[in-house]
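Residue-level structural notes
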Amino acid sequence: MKGASHPTNDVTLSQSSVPSIRDVIDAVEASRRQFIKTGLSATALASAGGLTLGGLVNTVQAAPTPATLGFPGIGFESVPANTRALNVSQGGSATSTVDRITVPAGYTAQVFVSWGDAIMPGGTAFTGTASETAAQQAKQFGMHNDGMHFFPFAGTNGAPLSDRGVLAVNNEYTHEDILFTDGQNIAGGNYTIDKTRKSQNAHGVSLVEARRVNGKWSVVKSSPYGRRITANTPCRISGPAAGHALMKAKAYTITDTGSVATGGTTNGLTANGTINNCAHGITPWGTYLACEENFNGNFSSDSAVPTSTATEVGKLNRRYGISSAGFGVYNWHKNDERFDPVKNPNEPHLFGWVVEIDPYNPRSVPVKRTAMGRFKHESAQFVVDSQNNVAFYMGDDERNEYIYKFVCAGKFNPTNKAANRDLLDSGTLYVARFDANLSGQWLALEPDTIGVNGQALRDNPNFAGANDAEVKAKILIKTRMAADAVGATMMDRPEWTGARPRIGGFDEVEVYCTLTNNNRRGNAPTASAPAANAADGSTAAASANPPVDAANPRADNDFGHIIRWRETGKTVTATSFGWDIFAQAGDSITTKTLGSTYTGTANYQGNIVDAPNGSADYGAPDGLWFDPFGRLWVQTDQVGDGSGDFINIGGNMMVCADPNTGETRRFMTAPNKCEVTGVTMTPDGKTMWVGIQHPGEDALSGNPIQFSNWPQNQWAVEADGVTALPAGRPRSSVVVITKDDGGIIGS
Ligand code: FEO
Ligand code: CA
Ligand code: CA
Ligand code: CA
């Protein structure tokens, strides 16, 4: 997420005094079509500022990428980068990218479901003007979709179907200027409790029944599986932190007209709602994991939120970024004091968890699984090893945060789903240390682990408790501080994790993680921006200026990279691993250079393997997923209008890569000012869903289509070929993609 709901952990592109390729491009932009039309030589273009012909006309690679170990090859040609130049060449403006998605020749994309679509009984059709009430939004698809997974129904023979199932989709956040017809004007008195409730009802998770009939996919709008889980849905808290004093918040009766304090507190075993569900996970036993990321932004107050390290809650607020301003856009506290951390200090502790949801049971209660730790969860990727040990790999997406894995104490039972029901409640949470020799250590966050200060965590004042059960509860509620204490490696914003399938002769436990960017990496440390998160847990979230290191080698890392590791002994229970950097993203033809004091090997050109060089350049990798056939899919989240450092890379996209060779092709480009996030497939691999989040972000309520009018400017109707798309404002959507020859996506 970015933009109007800009979180503090997102990058602001730094201003460089060195003229970037953008400056050069801007100078020639007006005449760009002329350049191409008149066929100037590559040499002449290069002399105009480091451009290559390939960079301008977006050449593609025609030959298929061959199959390699455990990888079936790539059969499609890269689509051109969606640059401003491309938009100009199509008669559009020089200040935006092309406002549509593009997929390779031989593929068809259609919009499948959009914010505001009815998805359950009683749901009303999207009005186009955002005039829906909170109650109506509660039965419609939520806003700003992110991670998702297709859960197939079983056929009569028990085999999973590829034409019917439940699509579980996270709705990460909202943009109030587009969510409400007249935006949010607090001083003007238009911000009502119904608006707060509508915003809360547009958050959470949407469960949508998807069905294909006569080759056309559609949402079953009256399905009993259709469900919304929102910021107010009752949840259960389980695992070691359940019931701890820090989890007992002020109790409220939540109604359409307000949250009324009952005068008591909760028992620490329940919570209301899930928010900022960014990426996701699934379990091998068939449940969905919604991961709570930037929950801090939804808390705000008209009073000063305590952030003193002298108090337990103040220190927690500081380390997790709870503030009076929040992200400055939701302002829920104005109408709902549950989200005011001054009035309800323990409520933030009920967020930042992994939430397990059974998509096949619409009446199931979501469960916050505290054993998996509390941080800004991006995703949770499971691996079951050959001994049926199961682990979940997870990133904490904020600058200078960490990579974790949770190893279940019990083994996965592949023959009895019910036996796995509470596997997520007990196990060991580890945090990663990446050493310069390309090995790494998983550091257990347990009471007896010795921290870098020589003290066991049970003796560290942050986690002191009556017994080790309480120590463990505090370690989990304060996961970031425990990771600080044991000396984990500060990373460049860990986003999605993905596990390579062990197929076709490949048998390693190999896991990838996108590190999207970090504009603080390599900055000179100062008193308020120290070189490291302090071991005592006192460093404010995202405030450090760490030096470059082997695992995070680029100063001012605005294009990001992808790291991967292999577990020692091919088991998820390993406490050591080997690692390398799979790819440094970048712009092959940028003239931007690292600062003169920088002595490392990284650069802004990156080392993406593509032919011709630059044909699959990307930056700010975020979504990352291996399909079951072994293809690696990577989605991006950068400034989505092809500006600044992204003048050559263009707007956001999804690429496909060979994990052996790194060979990369660009599969999709996306509308103006959006993010591409969320990808899943049917079991047969012949249908893929991809998420487009926040097209046209930053627009104000007076002109919601200022930057984008997608998807309705690309299609008149939804995937069913019947349902019209009401115009009026851009809508986050899930698109459905099929191959025209009926083949597997990517083949
Ligand atoms: Fe919501 Fe880290 O992306
Ligand atoms: Ca390259
Ligand atoms: Ca993300
Ligand atoms: Ca991101």
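A brief report on the enclosed structure follows. (Residues numbered from 1 in each chain as written. Chains lettered and ligands numbered in written order. Predicted model: local features only at pLDDT ≥ 70, side-chain atom pairs only at ≥ 80, totals over all residues. Heavy atoms only, no water.)

Moving on: the overall build of the protein chain. Counting its secondary structure elements, the protein chain contains 11 helices and 32 strands. Its C-alpha atoms give the protein chain a radius of gyration of 24 Å, near enough to 27 Å, the size a compact globule of 747 residues would have. Principal axes of the C-alpha set define a box for the protein chain whose edges measure 75 × 60 × 60 Å. Counting every position in the protein chain, which comprises 747 residues, the buried fraction comes to 61%. Long-range contacts, defined as pairs at least 24 residues apart, comprise 69% of the intrachain contacts of the protein chain with a sequence gap of at least 6. With an accessible surface of roughly 23700 Å², the protein chain has 53% of that area assigned to carbon and sulfur atoms. Positive and negative side-chain charges in the protein chain, numbering 61 and 71 respectively, have mean positions lying 3 Å apart. (Helix = DSSP H or I, 4+ residues; strand = E, 2+ residues; numbered from the N terminus. Rg over C-alpha atoms; globule rule 2.2 N^0.38 Å. Buried < 20%, exposed > 50% of the residue type's maximum accessible area, 1.4 Å probe, protein only. Contact = heavy atoms within 4.5 Å. Areas by Shrake-Rupley, 256 points an atom, 1.4 Å probe, with all protein chains shown as cover. Lys, Arg positive; Asp, Glu negative; His and termini not counted. Charge placed at Lys NZ, Arg CZ, Asp CG, Glu CD.)

Before going further, it helps to examine the pattern of salt bridges. Counted by the stated rule, this structure contains 40 salt bridges. Residue R564 is joined to E510 by a salt bridge in which the shortest nitrogen-to-oxygen separation is 4.0 Å. Residue R564 is located in strand β24 (residues 561-567), and its partner E510 is located in strand β23 (residues 510-515); the two are separated by 54 residues in the primary sequence. The pair R564 / E510 is uniform in exposure class, with both members buried. Here the salt bridges share partners, and the residues they tie into one network are R319, K376, D396, E398, E401, R480 and D484. (Salt bridge = Lys/Arg side-chain N within 4 Å of Asp/Glu carboxyl O.)

Along helix α9 (residues 312-320), the residues that are buried comprise G314, K315, L316, N317, R319 and Y320. Packing partners of the buried residues in α9 comprise β17 (399-401), α10 (468-477) and α11 (479-486). One or two positions beyond α9, positive phi appears at G321, with a value near 75°.

Let us look at the coordination of the calcium ion (ligand 3). Octahedral metal centres with six donors ideally show angles of 90 or 180 degrees, and tetrahedral centres with four donors ideally show 109.5 degrees. Within the first shell, the calcium ion (ligand 3) binds the protein through E378 (OE), E495 (OE), D622 (OD) and D622 (OD), at distances of 2.3 to 2.8 Å. Read in sequence order, the donor residues for the calcium ion (ligand 3) give the motif E-x116-E-x126-D. Here the calcium ion (ligand 4) and the calcium ion (ligand 3) are spaced 3.8 Å from one another, each receiving a donor from E495. Residue E495 is located in strand β22 (residues 494-499), and its partner D622 is located in strand β26 (residues 621-626); the two are separated by 127 residues in the primary sequence. What makes D622 buried here is its relative accessible area of 2%. (Donors = N, O, S within 2.8 Å, 3.2 Å for Na, K, Ca; no water.)

Below, the discussion takes up the sheet that holds strand β29 (residues 664-669). The pairing of strands in a sheet comes from backbone hydrogen bonds and takes either a parallel or an antiparallel form. The 4 strands lie next to each other as β26-β27-β28-β29, forming an open sheet whose pairing is antiparallel. For this open sheet the edge positions go to β26 and β29, each flanked by a neighbour on one side alone. This sheet shows a mean twist of 25° between the axes of neighbouring strands, independent of strand direction. Pairing of β26 with strand β27 (residues 632-636) involves 4 bridges; the strand directions are antiparallel. Its bridge partner being in β27, F626 is matched across the sheet by L632. (Pairing = 2+ DSSP bridges. Axes fitted to C-alpha atoms, helices over the stretch in contact; angles between N-to-C directions.)

Attention now goes to helix α8 (residues 193-202). Buried residues dominate α8, accounting for 9 of its 10 residues. What α8 keeps buried is the set I193, K195, T196, R197, K198, S199, Q200, N201 and A202.

To continue, consider the coordination of the calcium ion (ligand 4). Protein-derived ligands of the calcium ion (ligand 4) are E495 (OE), D622 (OD) and D637 (OD), with the metal-ligand distances lying across 2.2 to 2.4 Å. All donors to the calcium ion (ligand 4) come from one chain, and their sequence spacing reads E-x126-D-x14-D. The class of E495 is buried, set by a relative accessible area of 1%.

Taken in spatial order, the 4 strands line up as β1-β32-β31-β30 in an open sheet, and their pairing is antiparallel. Pairing within the sheet leaves two strands with one partner each, and these edge strands are β1 (107-114) and β30 (675-681). The mean angle between the axes of side-by-side strands here comes to 25°, regardless of whether they run parallel or antiparallel. Direction of pairing for β1 relative to strand β32 (residues 733-739): antiparallel, over a ladder of 7 bridges. Bridged to V113 within β32 is V734.

The omega angle of the peptide bond from A611 to P612 is -5°, so this bond is cis rather than trans. Examined against the element boundaries, P612 turns out to sit in the loop between β25 (576-584) and β26. With a phi close to 45°, H144 is a non-glycine residue in the positive phi region. One non-glycine residue, H694, lies in positive phi territory at about 45°. With respect to the element layout, H694 can be found in the loop between β31 (687-693) and β32.

By secondary structure assignment, the location of H203 is in the loop between α8 and β4 (204-213). Among the residues examined, H203 registers a relative accessible area of 0% and is labelled buried. Reaching out from H203, the side chain makes a polar contact with the backbone oxygen of S199 at a distance of 2.8 Å. Apart from residues no more than four positions distant in its own chain, H203 is found in contact with N171, E172, Y173, T174, R228, I229, T230, I275, N276, N298, Y330 and W332. (Polar contact = N/O pair within 3.5 Å; in protein donor to acceptor, adjacent residues only side chain to side chain.)

Next up on the list: the packing of aromatic side chains. The geometry of an aromatic ring pair is captured by two quantities: the separation of the ring centres and the angle between the planes. Counted by the stated rule, this structure contains 38 aromatic pairs. Aromatic pair Y330 and W332: ring centres 5.7 Å apart, planes at 55°, arrangement tilted. Judged by relative accessible area, which is 0%, W332 ranks as buried. Ring centres 5.0 Å apart and planes at 70° place the aromatic pair Y512 and F626 in the edge-to-face group. Note that Y512 is positioned in strand β23 and F626 in strand β26, a separation of 114 residues in sequence. For the pair Y512 and F626, a shared accessibility class is recorded, and that class is buried. (Phe/Tyr/Trp six-rings, centres within 6.5 Å; stacked < 30°, edge-to-face > 60°.)

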